[in-house]
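Observations on chain architecture
One-letter residues, chain by chain:
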Amino acid sequence: MPMRGLKDYFKKAEKEKWAMGQFNVSNLEGLKAVFQAARSLKSPVIVGTSEGEGSYWGLKEISHLVNFLSKEYRFPIFLNLDHGKTFDYIKEAIDAGYPAVHFDGSRMDLKENINKTREIVRYSEKKGVFLEGEVGSILGSSAILDKAPQIRAEDLTRPEDAGLFSQETKVKSLAVSIGNFHGVGKSGDGPKIDLQRLKEIKETVGNLPLVLHGGSGIPEDDLKSAIQLGVVKININTELRSAFTLALREAVSSGEIAPYKYLPETIQAVQKVVEEKIRIFGSINKI
Ligand code: 13P
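Residues numbered from 1 in each chain as written. Predicted model: local features only at pLDDT ≥ 70, side-chain atom pairs only at ≥ 80, totals over all residues. Heavy atoms only, no water.

What about the overall build of the chain?
Each helix and strand in the chain was counted, giving 11 helices and 10 strands. For 287 residues, the compact-globule estimate of 2.2 N^0.38 gives 19 Å, and the C-alpha radius of gyration of the chain, at 18 Å, lies within 12% of that figure. Taking the principal axes of its C-alpha atoms as reference, the chain extends roughly 55 × 45 × 35 Å. Of all 287 residues assigned to the chain, the portion counted as buried reaches 54%. Element-wise, carbon and sulfur atoms account for 51% of the exposed surface of the chain, whose accessible area totals about 13,300 Å². Separation between the mean location of the 40 positive side-chain charges and that of the 38 negative ones in the chain comes to 5 Å. (Helix = DSSP H or I, 4+ residues; strand = E, 2+ residues; numbered from the N terminus. Rg over C-alpha atoms; globule rule 2.2 N^0.38 Å. Buried < 20%, exposed > 50% of the residue type's maximum accessible area, 1.4 Å probe, protein only. Areas by Shrake-Rupley, 256 points an atom, 1.4 Å probe, with all protein chains shown as cover. Lys, Arg positive; Asp, Glu negative; His and termini not counted. Charge placed at Lys NZ, Arg CZ, Asp CG, Glu CD.)

Okay, here's the thing in structure tokens:
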């Protein structure tokens, strides 16, 4: 039987009300952790790379690794380029074999964002690549932040803009700004998710799958409510970076110098976070 693609999984997720996790990875330990978690829970999964992560890996290198895992194990693990900001960079990822890309035109005004996204849609469709668009600005960065970013009204996705963008661009999924931000505030000040806005966005975009970025630090109940309202993909990075780094500090403190002896502790720490998120997202046994 042929394996389902991302589009089929999003359709199934929307119908059955669960979401796929996109887990960003910087290194092999992160990738092993995500793959082991997904396999052990029989959950389809997306691996993401930000611009920094992608250049650390090399786009071709990570693309070959993930595509290898998918083929070798016949497992639904998909690679997505996270927040590609230029056509050239997105093209490079597509040409390197990424099956999915996210174009972030959120710094542009809506008209320019639509025009640029359309240009990329033409290229991605020709190559059979899945394209995520973005309307509204998702602030912050995947780190422990001194202070949560101040989200202004104009940063949030307006439902009518989302509707127009989806009609005009024909993207395959849409990232929205509904109070979510990248990173976690030091004092635990988390995002305030505007579920009413999410509901209105969903009403204007119909069956277009919605994506929630900045998943770290969002309370479980909000994640679950967002899934009920049509979110089918949730991105997680900061909590994985944090788990890896804390475990690494602890692991090297013993004085051990053989990486293969101390790195498994970092894999376990990241895997634990990924498994928790997969449980919350409800994607267990959905292969
Ligand atoms: P967090 O770092 O807040 O989990 O966000 C990740 C993300 O949205 C990647 O696009």
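Regarding the packing of aromatic side chains
With the rule as written, the count across this model stands at 6 aromatic pairs. Taken together, a centroid distance of 6.1 Å and an interplanar angle of 70 degrees make the contact between Tyr9 and Phe78 edge-to-face. Linking Tyr9 in helix α1 (residues 6-16) with Phe78 in strand β3 (residues 77-84), this pair joins segments that are 69 residues apart in sequence. Seen in terms of ring centroids, Phe10 and Phe130 are 5.4 Å apart; in terms of plane orientation they differ by 75 degrees. Their pairing is edge-to-face. You can see Phe10 sitting in helix α1 and its partner Phe130 sitting in strand β5 (residues 130-135), a full 120 residues away along the chain. You can call Phe130 buried: its relative accessible area is 10%. Among the aromatic residues, ring-to-ring pairing joins Phe35, Tyr73 and Phe75 into one connected group. (Phe/Tyr/Trp six-rings, centres within 6.5 Å; stacked < 30°, edge-to-face > 60°.)

Some details on the packing of helix α5 (residues 87-96) against helix α6 (residues 110-126)
Think of two packed helices as two axes; the pair is described by the angle between the axes and how far apart they sit. At a minimum axis distance of 11 Å, the contact between α5 and α6 shows a crossing angle of 10 degrees. Considering the angle they form, α5 stands roughly parallel to α6. Taken together, the residues of α6 that come into contact with α5 (itself represented by Phe87, Ile90, Lys91, Ile94 and Asp95) are Glu119, Ile120, Tyr123 and Ser124. (Axes fitted to C-alpha atoms, helices over the stretch in contact; angles between N-to-C directions. Parallel < 35°, antiparallel > 145°, perpendicular 65-115°, else oblique. Contact = heavy atoms within 4.5 Å.)

Details of the site of the ligand
Within the structure, the ligand sits among 14 residues, and Asp82, Ser142, Gly214, Ser216 and Thr238 are positioned closest to it. Within the side chain of His213, a nitrogen or oxygen atom sits 2.9 Å from an oxygen atom of the ligand. Within the side chain of Asn235, one N or O atom sits 3.2 Å away from an oxygen atom of the ligand. For the shell around the ligand, the elements supplying multiple residues, two or more each, are β3, β8 (182-185) and β10 (231-236). (Near = heavy atom within 4 Å. Polar contact = N/O pair within 3.5 Å; in protein donor to acceptor, adjacent residues only side chain to side chain.)

A short note on the sheet that holds β5
Strand order in the closed barrel formed by 8 strands is β1-β2-β3-β4-β5-β7-β9-β10, with parallel pairing between adjacent strands. Mean inter-strand twist for the sheet, computed between neighbouring axes without regard to direction, equals 25 degrees. Two strands pair when backbone bridges link them, and strand β9 (residues 210-212) and β10 are joined in this way by 3 bridges, in the parallel orientation. Bridge pairing in β10 links Leu212 to Ile234. Most of the contacts of α6 go to β5, to which it runs at about 175 degrees, and overall it touches β4 (100-103) and β5. (Pairing = 2+ DSSP bridges.)

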